[in-house]
Amino acid sequence: MSVAEAVTPAAVASEVRAVLPRPRMFSPRFLLSELMLIFGRRRNWAGLAVLAAIPVIIAVAVKFDPPSGGGGGPDFFAGITENGLFVALAALTVELPLFLPLAVAAISGDAIAGEANTGTLRYLLTTPVHRTRLLAVKYAAACIFAFASTLLVAGVGVLMGLILFGGGDMTLLSGRQIGFGEGVLRVLGVCAYLGICLCSMAAVGLFASSLTEQPIGAMIGTMIFTVASFILDNIPQIDWLHPYLLTHSWMNFGDLLRDPVNFTGLREGLLRAAAYAVVFATAAWARFGGKDVTS
Amino acid sequence: MTENRPKWLRWLVPAAAIVATTAGAAALTTAGADAAPRLPARTAAQLLVDLQTARVDGLSGMVAQRADLGLPSLPGLTGGGSSSDLSSLVAGTHTLRVWYSGPGSARVALLGTLGESDFITNGRDVWVWNSRDNTAVHSVRPEGTAPARKPDLTSVPKTPQEAADAALAAIDPTTVVTTAGPTKVAGRSAYELLLAPRDKASRIGQVTIAIDAERHVPLRVRVFARGAAEPAVEVAFTQVSFNRPGAEQFAFNPPPGAKVTDESAADLQKKADSAAKDLTAKDQAGKAGGEPVVLGDGWTSVLAAKLPAPTKDDQAAPPKDGQPNTIRPNTAAPKGPLGTANLLGLVGRLPAVSGSWGSGHLLTGALFSVLLTDDGRVFAGAVDPDRLYAAAADPKASAAALSAPAGK
């Protein structure tokens, strides 16, 4: 008894720390469970199916009614009959203004607000996991989803294109031709670039998600921010604002399809994406770290 | 909350992130622009000689081109940065990539969003590629002639070299030539040559040419309207390297599936001739119009011509080029050749003016004015409208324009 009485609170704390498993800095388990949650949801399956349907529709439509030669029409459509890889590029270009951002907004907007809305956030926070780590895992999962959805669209596009139109040499925007292997690499590069752009948008979604307990509000807010950015970017009278817009350099992925590759445009886009990601991720951290979680 | 720090302290982190990213972006965009380099003084004459004797084996770089001619907003022309169409260069901001390796090897690529136009000369072969239309125009230069100017390139200069040549051609006793302090363009030290018209009636206030201190190549050309702080036309390198680009930059084989148009040397010569005519004769409209007359000289010269009367064979030889006529009917209008009737309809929408010389319509841009009188005369020049009215009122000038051979 006397021994127990002599125990100081500090000694108890150190005792407890020795007994409990030390929280690891990098444990894939939390991230994996988050990914299982995202990729296991039926609504997300439905969203991914819609994303994958677009390249299928494009490929089939072009197969049945090939565009007459001499260009025109939406970007990259004229090249589809020459090379199946253009199905992927056409699909990415078509989905970039709305579908891809919508998918990323749905996931990132749901990240915190979704848990708060279903009342699971406070239980999540009772586990010995730091809030910063929770936020980092949520953001990482949203980024993985962004890359996955971009690769899904491109992958289905390449597959449909190869089945219906075949591969072969690819004509770049500069009118030069490159081999099929390099063409696939360039399409992968486009996916990586667009994935990074969407990650910067996911940071905006994460911040919006930390502001509210209504996931739908965070999603709509993120979409409004993105679409407004696209709209403002098309008004020439406010060109002083354009360099500060989230989506200003998204279409720069075309610089990967020039010969030689225009790294100036790509670098500008990557820096812009990094700036947005840093600002909004730290804003989400500031908001979430100091937030009173009541639900 | 167990934390004893105030919550608002956390917001300093995103605030610092905003400050850091904007400061970083500002540092990247204005890198080296603020620090004026120290260079030994050089007179205007020395700079002119430098320019003329500049020998460049090869260069490559990025060029930003900006034109704000103060024209009314024109559908199809004011495409801004998104258009890769060469004719869109008269308005908005554009990015070009340039490769040069001797007179026979040059490539200019106009970058648009998901599009590109390339202009390539390789030996005697000249290619114009347009990714949006998937077309390639091939022509072979006749032997022994200077590179022909492609007619479909607009008269707005595309490279600093080209622009400087055009500006230097205008140097004569009508021009004040001075120099400005050293400056930095594309991270390189440069001298700046200032050309200003002596005649205050000119709409052009100043032309500045930044010349590389080491290589004597024009790096930036700006054209200012009189009294304007912002240039109306600016062509500047944003990146430049004097390493000779490889031969592969100048090779071009049209990709399969592209529409290839072959122009024979004779065709090209004919087109170049007619383009040259169009450039000097802004309102040359085939056989029906009078030969244009240039009144005065230097910066304030006024071009006088007679518009062709509307005839049945309107469609033949629509006027091309020349600033006033680059205005196309609205997109809603049928896409046909710009006949005289169409042109007159368009003229009716310009502000009406009248004076002792009669009445007509006036088009004014930042750098030029054009007067179209109701009796079918046209006066154009880089001058204020008053100068055009004076020309219109001058019976000698009018007589010259009106009595010009009808060409039939």
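Details of the structure are given in the entry above.
The structure displayed is predicted, hence computed values, not measured ones.

(A) Structural context of the overall build of chain A. Per the secondary structure count, chain A includes 11 helices and two strands. In chain A, the succession of helices and strands from N to C terminus is α-α-α-α-α-α-α-α-β-β-α-α-α. A total of 295 residues make up chain A; the buried ones form 48% of that total. Taking contacts inside chain A between residues at least 6 apart in sequence as the whole, the part at least 24 apart equals 75%. By element, 70% of the accessible surface of chain A is carried by carbon and sulfur atoms, the whole surface being about 13,900 Å².

(B) Up close: the packing of aromatic side chains. Under the counting rule described, the total for this entry stands at 12 aromatic pairs over all chains. With a centroid separation of 6.4 Å and an interplanar angle of 75°, the aromatic rings of A:Phe207 and B:Trp11 are classed as edge-to-face. With A:Phe207 in helix H9 (residues 180-211) and B:Trp11 in the segment before helix H1 (12-29), this pair bridges two chains. Given a relative accessible area of 17%, A:Phe207 falls into the buried group. The interplanar angle of 70° and the centroid separation of 6.3 Å between the aromatic rings of A:Phe225 and A:Tyr276 together place this pair among those described as edge-to-face. Taken together, the residues A:Phe225 in helix H10 (residues 215-233) and A:Tyr276 in helix H11 (residues 263-289) connect sequence positions 51 residues apart.

(C) Just the sheet that holds strand S5 (residues 125-130) of chain B, in detail. Residue and element names in this part refer to chain B. Taken together, the 12 strands give an open sheet; going across it, the order is S7-S8-S9-S10-S11-S1-S2-S3-S4-S5-S6-S12, and neighbouring strands pair in mixed fashion. Of all strands in the sheet, those bounded by a partner on one side alone are strand S7 (175-185) and strand S12 (259-263). Strand after strand, the sheet turns through a mean of 15° between neighbouring axes, direction not considered. Inspection of the sheet shows strand S4 (residues 115-122) paired to S5 by six bridges, in the antiparallel sense. Considered in S5, the bridge of Ser 117 is made with Asn 130.

(D) Seen up close, the interface of chain B and chain A. Contact residues are listed per partner, giving 38 residues for chain B and 37 residues for chain A. Around 3,000 Å² of area is buried between chain B and chain A when both sides are counted, 57% of it from carbon and sulfur atoms. Three residues stand out in chain B for area buried against chain A, namely B:Arg10, B:Trp11 and B:Leu114, and they jointly supply 24% of the buried area on that side. At the junction of chain B and chain A, the tally comes to 14 residue pairs in polar contact (both at pLDDT 80 or more). Those elements giving two or more residues to the side of chain B that touches chain A turn out to be H1, strand S2 (92-100), strand S3 (105-112) and S4 of chain B. A total of six residues in the side of chain B that touches chain A trace back to one element, the largest contributor, which is H1(B). Here the side of chain B that touches chain A is built from residues that sort into 18 nonpolar, 10 polar and 10 charged.

What counts and how
- Residues numbered from 1 in each chain as written.
- Chains lettered and ligands numbered in written order.
- Predicted model: local features only at pLDDT ≥ 70, side-chain atom pairs only at ≥ 80, totals over all residues.
- Heavy atoms only, no water.
- Helix = DSSP H or I, 4+ residues; strand = E, 2+ residues; numbered from the N terminus.
- Buried < 20%, exposed > 50% of the residue type's maximum accessible area, 1.4 Å probe, protein only.
- Contact = heavy atoms within 4.5 Å.
- Areas by Shrake-Rupley, 256 points an atom, 1.4 Å probe, with all protein chains shown as cover.
- Phe/Tyr/Trp six-rings, centres within 6.5 Å; stacked < 30°, edge-to-face > 60°.
- Pairing = 2+ DSSP bridges.
- Axes fitted to C-alpha atoms, helices over the stretch in contact; angles between N-to-C directions.
- Buried area = accessible area lost by both parts, 1.4 Å probe.
- Polar contact = N/O pair within 3.5 Å; in protein donor to acceptor, adjacent residues only side chain to side chain.
- Nonpolar A, V, L, I, M, F, W, Y, C, P; charged D, E, K, R; others polar.

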